[in-house]
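# Structural characterization, general
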Amino acid sequence: MAEKNLPMREALRAALHEEMVRDERVFVMGEEVGAWQGTHRVTRGFLEEFGPKRVRDTPISEMAIAGAAVGAAMAGLRPVAEIMTINFAFLAFDALINHAAKIHYMFNGQFRVPMVLRAATGWGNQATATHSHTPEPVFAHFPGLYVAMPSTPADAKGMLKAAIRDDNPVLFSEVIALYPKPGPVPDDPDFLIPIGKSDIKREGDDVTIVTIGRGVEWSLQAAESLAKEGIECEVIDLRWLRPLDMEPVIESFKKTNRCVVVEECLPHFSLGSEIAAQIQEKAFDYMDAPVKRVSAMDVPLPYARDIELMALPDTQKVINAVKEVL
Amino acid sequence: MATQKVKVDKARLLDWYRQIVLIREFEDRCDELYREKKITGVYLHLYSGHEATGVGAVAALQEHDHVITAYRDHGIALARGVDPNPLMAEMMGKRTGVSGGKGGSMHLASREHNFWGGYAIVGGHLPLAAGIALESRYNNKDAVVLCFLGDGATNNGYFHEAVNLSAVWDLPVVWLIENNLYGMGTPVEVASGQPELHKRAIAYGIKDAGRVDGQNVVEVYEAASEAVEYARKNGPVLLEAITFRYKGHGVSDRAYSERVEELAQWQARDPIIVTREILTGRFKNVEAELDKIDAEVKTIIDRAVEYAENSPAPTYEDLIRNVYVEDANG
Ligand SMILES: Cc1ncc(C[n+]2csc(CCOP(=O)(O)OP(=O)(O)O)c2C)c(N)n1
Ligand SMILES: [Mg+2]
């Protein structure tokens, strides 16, 4: 199968483009998605190509962006709504949680909500406390919503296409720091990554590293460096926070008996909290060490570069954690 | 207020009368059943007093138009023609309820009636209305969305964002404020800097359709008809109906009994009385027909209660179903 080397933003753009060409019902809406060409350039050129009916600039109205996407989806369209950055998705929380995630259940299956809410996520470049959230676990708390967080351009493409084609609401988190990073991306317009399917990004027998999004990069770098010392890490990229693909994690844990969770989010009620809980529930007899979490520090993110970086996970912290569980 | 254009015929008026008393009877029975603990839970918001607004406005719609509302939704569902049996079953949390016993009083919906539901987060359904209207525009349909909302709902951000979005996207929505003078215990003038709520339209550059007497079904129908046709041709419009709720905010409201005098004034202009007066003023010997309708409606509600009581409860299978769409590839 033919491939192209694309940065993640272009892989996402290709996914959206292909789905808009494939299905008239798919349209994009959000702040600056049209004339501005997209805050993160994912919808670059779309307004010119698809016109204002299918590329809809909105006012700065997060509640209405998410809520109107819910209504449009219920009525049979397939909106891909964009929240400029996930920090602003807190304003859309009610529409997502009380509406998108509940409507299918609450009305006993009478309505479906096939919408995708894309949001750029993650910290970096001194974006400060209000603009540095990676709060995906908060959204993943609720049944009825899927939560995606790709780590490579190929995954980004296949996952976004699957999200658009699925009849359930999906929060699709795109790590800002990964937008420019390139990787091979299949051309196949039907290349899909199934919802809730994790991926083993590196095999190893000594420690299981469970991670997602940007954590994959730190974990792979750590694994590479640890391999030189003869420590072999298995790196599992969950790809989706919901549905959570625990089976491969448990399987790997039964082999390694040790686990480190690497996440960009805060530690309190985090992805790692859930993984650790499930490992002790499902594989208690296989545990040779406590599950260790590498997360952001439990503080709001400050502006100053030196202390900002101090608060955040990185490759060295992953290496240290792996050594602690060995 | 709208001027009368087409004279509403007798059959239509009788049908509205029937709907109004049907809603009243349904709500009175719900109230009773709640006190008998046959309807349980903490939330049950009755539509008593609002009937002329719901019936008159829904009558202005065509079948392919859409209706959406908040949690005070029983009357709207009935006005839209949803069968009282599954509605009553929903009140009792039965498997045969419109929402399978999973939604409850505040979350009634019937897809086949283009009744998109009751929603219990104040203002939460407003952007949904905009989204449903967007589908109509997107696919070049001429369907309109009639979105009911309370006076209280005009004060959270959803109202601002959804109404503004309807303006900039030119969506076929009739925003119909059912101003019953209170949001729970808070009077409109305490909650709203501009208590003439229809004037909010001006701020968004949409059509201000003014205020209508929400106790008079014919006047509501006429104003709503104009608004619906305006929305169909042009875009969003805001209409305000002044009405009053007879019961507490919900069944657990203890404060409303303080409003006895105000209540008596409104009950003197009860939608049932007003509709009866319109009919008896216009047609001879209509009383017998009206009394017959009253009796028929009681039987319908008796049957609905019986149906609900004899229906099975939802099961474990129902509990875990429909969290996600299972055949999920659209
Ligand atoms: C966002 C939100 N805030 C508060 C509530 C609690 N609440 C339920 S109904 C209500 C009053 C709403 O009044 P109004 O919109 O006038 O409708 P009415 O009950 O008079 O029909 C409040 C405050 C809620 N359900 N949702
Ligand atoms: Mg009110």
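About the cut-offs
- The residue count restarts for each chain, going from 1 along the sequence in the order it is written.
- Chains and ligands are labelled by the order in which they are written, letters from A for the one and numbers from 1 for the other.
- Local features in a predicted model are, by the rule used here, given only for residues with pLDDT of at least 70; side-chain atom pairs are given and counted only at 80 or more, and totals for whole chains, interfaces and linings are based on all residues.
- Calculated side-chain values reflect all of the structure's heavy atoms, with hydrogen atoms and water omitted.
- Numbering of helices and strands runs from the N terminus, with a helix taken as a DSSP run of H or I at least four residues long and a strand as a DSSP run of E at least two residues long.
- Each radius of gyration is computed over the set of C-alpha atoms, and the globule rule expresses the reference value as 2.2 Å times the number of residues to the power 0.38.
- The contact criterion used is simple: two residues touch if any of their non-hydrogen atoms lie within 4.5 Å.
- Using a 1.4 Å probe, the Shrake-Rupley method yields the accessible areas, and only the shown protein chains count as cover for residues.
- Each residue is placed in one exposure class: buried if its accessible area under a 1.4 Å probe, protein chains only, is under 20% of its type's maximum, exposed if it is over 50%, and partly exposed if it falls in between.
- In short, DSSP must find at least two bridges between two strands for them to pair.
- If you view a crossover with the strands going away from you and the path from the first strand over the helix to the second runs clockwise, you call it right-handed.
- As used here, the arc belongs to the directions running from the helix axis to the C-beta atoms.
- Polar contact is the term for a pair of N or O atoms within 3.5 Å; when the atoms are in protein, one must be able to donate a hydrogen and the other to accept it, and sequence-neighboring residues count only if both atoms are side-chain atoms.
- When two parts are brought into contact, each loses some accessible area as probed by a 1.4 Å sphere; the total of that loss over both is the buried area.
- Any carboxyl oxygen of Asp or Glu that lies within 4 Å of a side-chain nitrogen of Lys or Arg is treated as forming a salt bridge with it.
- Nonpolar residues are Ala, Val, Leu, Ile, Met, Phe, Trp, Tyr, Cys and Pro. Charged residues are Asp, Glu, Lys and Arg, and all others, Gly as well, are polar.
- Note: metal donors comprise N, O and S atoms at 2.8 Å or less from the metal (3.2 Å for Na, K and Ca); water molecules are not included, so apparent gaps in a site are possible.
- Here a Phe, Tyr or Trp ring, Trp counted by its six-membered ring, pairs with any other such ring whose centre lies within 6.5 Å, and the pair is stacked when the planes are under 30 degrees apart, edge-to-face when over 60, and tilted otherwise.
- Domain ranges listed in this record stem from an automatic or a database domain assignment.
- In this analysis the probe radius is 1.4 Å and the grid spacing 1 Å, with only protein atoms considered; a cavity is a set of points the probe fits into but cannot get out of, a pocket is an open set with protein on both sides within 12 Å along at least five of seven lines, and lining residues have an atom within 4 Å of a point.
- Grid points are joined across faces, edges and corners, and a volume is the space filled by probe spheres set on the points.

### Some thoughts on the overall build of chain A
Secondary structure summary: chain A contains twelve helices and 14 strands in total. Relative to the compact-globule value of 20 Å for 326 residues, chain A shows a C-alpha radius of gyration of 19 Å, a close match. For the C-alpha atoms alone, the extent of chain A along its principal axes is close to 55 × 45 × 45 Å. Of all intrachain contacts in chain A linking residues separated by at least 6 positions in sequence, the fraction that spans at least 24 positions is 82%. Within the structure as shown, chain A displays about 11,900 Å² of accessible surface, and the carbon and sulfur contribution to it stands at 55%.

### What to know about the pairing of strand β7 (residues 170-175) of chain A
Residue and element names in this part refer to chain A. Taking burial as the measure, the six residues of β7 include six buried ones, the bulk of the element. Burial along β7 is two-sided: the residues V170, F172 and E174 and L171, S173 and V175 are all buried. Relative to β7, strand β6 (residues 146-148) is paired through three bridges, and the arrangement is parallel. Each bridged residue has a counterpart across the sheet, and for V147 the counterpart in β7 is L171. Handedness of the crossover joining β6 and β7 through helix α7 (residues 153-165) is recorded here as right-handed.

### Some points on helix α12 (residues 315-325) of chain A
All names here are of chain A. Of all the residues in α12, the buried ones are T315, V318, I319, A321, V322 and V325. In a view along the axis of α12, the buried residues occupy a sector of 165 degrees, so they form one face of it. Packing partners of the buried residues in α12 comprise β10 (207-211), α8 (215-227), β11 (233-237), β13 (259-262) and β14 (292-294). A side-chain oxygen of the first residue of α12 lies 3.2 Å from the backbone nitrogen of Q316; this N-cap is D314.

### As for the interface of chain B and chain A
Contacts between the two partners involve 45 residues from chain B, matched on the other side by 48 residues from chain A. A combined buried area of about 4,000 Å² lies between chain B and chain A, and 61% of that area is made up of carbon and sulfur atoms. When the buried area of chain B at its contact with chain A is split by residue, Y138(B), E161(B) and Y324(B) rank highest and sum to 21% of it. For the pair chain B and chain A, the interface holds one salt bridge. Close ionic contact of D327(B) with R112(A) constitutes a salt bridge, the shortest N to O distance being 2.8 Å. Run the count over chain B and chain A and you get 20 residue pairs in polar contact (both at pLDDT 80 or more). Those elements giving two or more residues to the side of chain B that touches chain A turn out to be β2 (115-119), α5 (125-138), α6 (157-168) and α13 (316-320) of chain B. For the side of chain B that touches chain A, the residue count by class is 22 nonpolar, 16 polar and seven charged.

### Quick notes on the coordination of the magnesium ion (ligand 2)
Residue and element names in this part refer to chain B. Taken together, the protein donors to the magnesium ion (ligand 2) comprise D151 (OD), N180 (OD1) and Y182 (O), at separations of 2.0 to 2.2 Å. As a motif over one chain, the donors of the magnesium ion (ligand 2) read D-x28-N-x1-Y. Classification of N180 as buried rests on a relative accessible area of 5%.

### Topic: the packing of aromatic side chains
Aromatic ring pairs are defined here through the distance separating the ring centres and the angle between the ring planes. Residue and element names in this part refer to chain A. Across all of its chains, the model carries 13 aromatic pairs over all chains by this definition. Judged by centre distance (6.4 Å) and plane angle (10 degrees), the rings of F90 and F139 are stacked. Of this pair, F90 sits in the loop between β4 (78-83) and α4 (93-100) while F139 is found in helix α6 (residues 136-140), placing the two residues 49 residues apart along the sequence. On the basis of relative accessible area, F90 is assigned to the partly exposed category, the value being 35%. Put simply, the rings of F90, F93, F139 and F142 pair up and form one aromatic cluster.

### Some remarks on the domain arrangement of chain A
Residue and element names in this part refer to chain A. Each assigned domain of chain A is listed here: domain 1 (3-186) and domain 2 (199-325). One C-alpha centre belongs to domain 1, the other to domain 2; they are set 26 Å apart. Across the domain 1/domain 2 interface, buried area totals approximately 2,400 Å², and carbon plus sulfur atoms make up 61% of it. On the domain 1 side of the contact with domain 2, W123, Q126 and M149 bury the most area, a combined 31% of that side's loss.

### Considering the environment of W218(A)
Residue and element names in this part refer to chain A. Tracing the backbone through its elements, the reader meets W218 in helix α8. The class for W218 is buried, based on a relative accessible area of 7%. Between the C-alpha atoms of W218 and V262, which are 44 residues apart in sequence, the distance is 8.2 Å. Once residues lying within four places of it in the same chain are set aside, the contact partners of W218 are W123, V262, E264, P313, D314, T315 and V318.

### Here we look at empty space enclosed by the protein
All names here are of chain A. Counted according to the given criterion, the structure contains one cavity of 30 Å³ or more. Forming the boundary of the largest cavity are T134, E136, P137, M149, I212, L241, E263, E264 and C265. Among the residues making up the lining of the largest cavity, the classes are represented as five nonpolar, one polar and three charged. Residue-level mapping places the lining of the largest cavity at the junction of two domains, with at least three residues from each of domain 1 (3-186) and domain 2 (199-325).

### Digging into the pattern of salt bridges
Residue and element names in this part refer to chain A. Inspection of every chain in the model, using the stated rule, returns 54 salt bridges over all chains. The residue E24 makes a salt bridge to R54 at a minimum N-O spacing of 3.6 Å. With E24 in the loop between α1 (8-22) and β2 (26-30) and R54 in the loop between α2 (46-50) and β3 (55-57), this residue pair connects regions lying 30 residues apart in the sequence. Overall, the relative accessible area of 51% leaves E24 in the exposed class. Between D155 and K201 there is a salt bridge; the shortest N-O distance is 2.7 Å. Here D155 is found in helix α7, whereas its partner K201 is found in strand β9 (residues 199-202), with 46 residues between them in sequence. Since its relative accessible area comes to 22%, K201 is described here as partly exposed. When salt bridges that share partners are traced, they join E18, E19, R22, K157, K161, R165 and D190 into one network.

### Comments concerning the layout of surface pockets
The gaps of empty space that remain are located by a probe, the size of a water molecule, rolled over the atoms. Taken as a whole, the largest pocket spans an internal volume of roughly 680 Å³. Of all elements in the fold, only α6, β12 (240-242) and α10 (271-282) of chain A reach the threshold of two or more residues within the lining of the largest pocket. With four residues, the single largest contributor to the lining of the largest pocket is α10(A). Partitioned by chemical class, the residues of the lining of the largest pocket number 19 nonpolar, eight polar and three charged. There are two domains that each give the lining of the largest pocket at least three residues, and those are domain 1 (3-186) and domain 2 (199-325) of chain A. There is about 480 Å³ of room inside the second largest pocket. If you trace the second largest pocket, you find 30 residues lining it, with H45(B), Y71(B), R72(B), M184(B) and H249(B) closest to the centre. Every element with two or more residues in the lining of the second largest pocket is listed here: β1 (66-70), β3 (145-150) and β5 (182-183) of chain B. Per element, the largest residue contribution to the lining of the second largest pocket is three residues, and it comes from β3(B).

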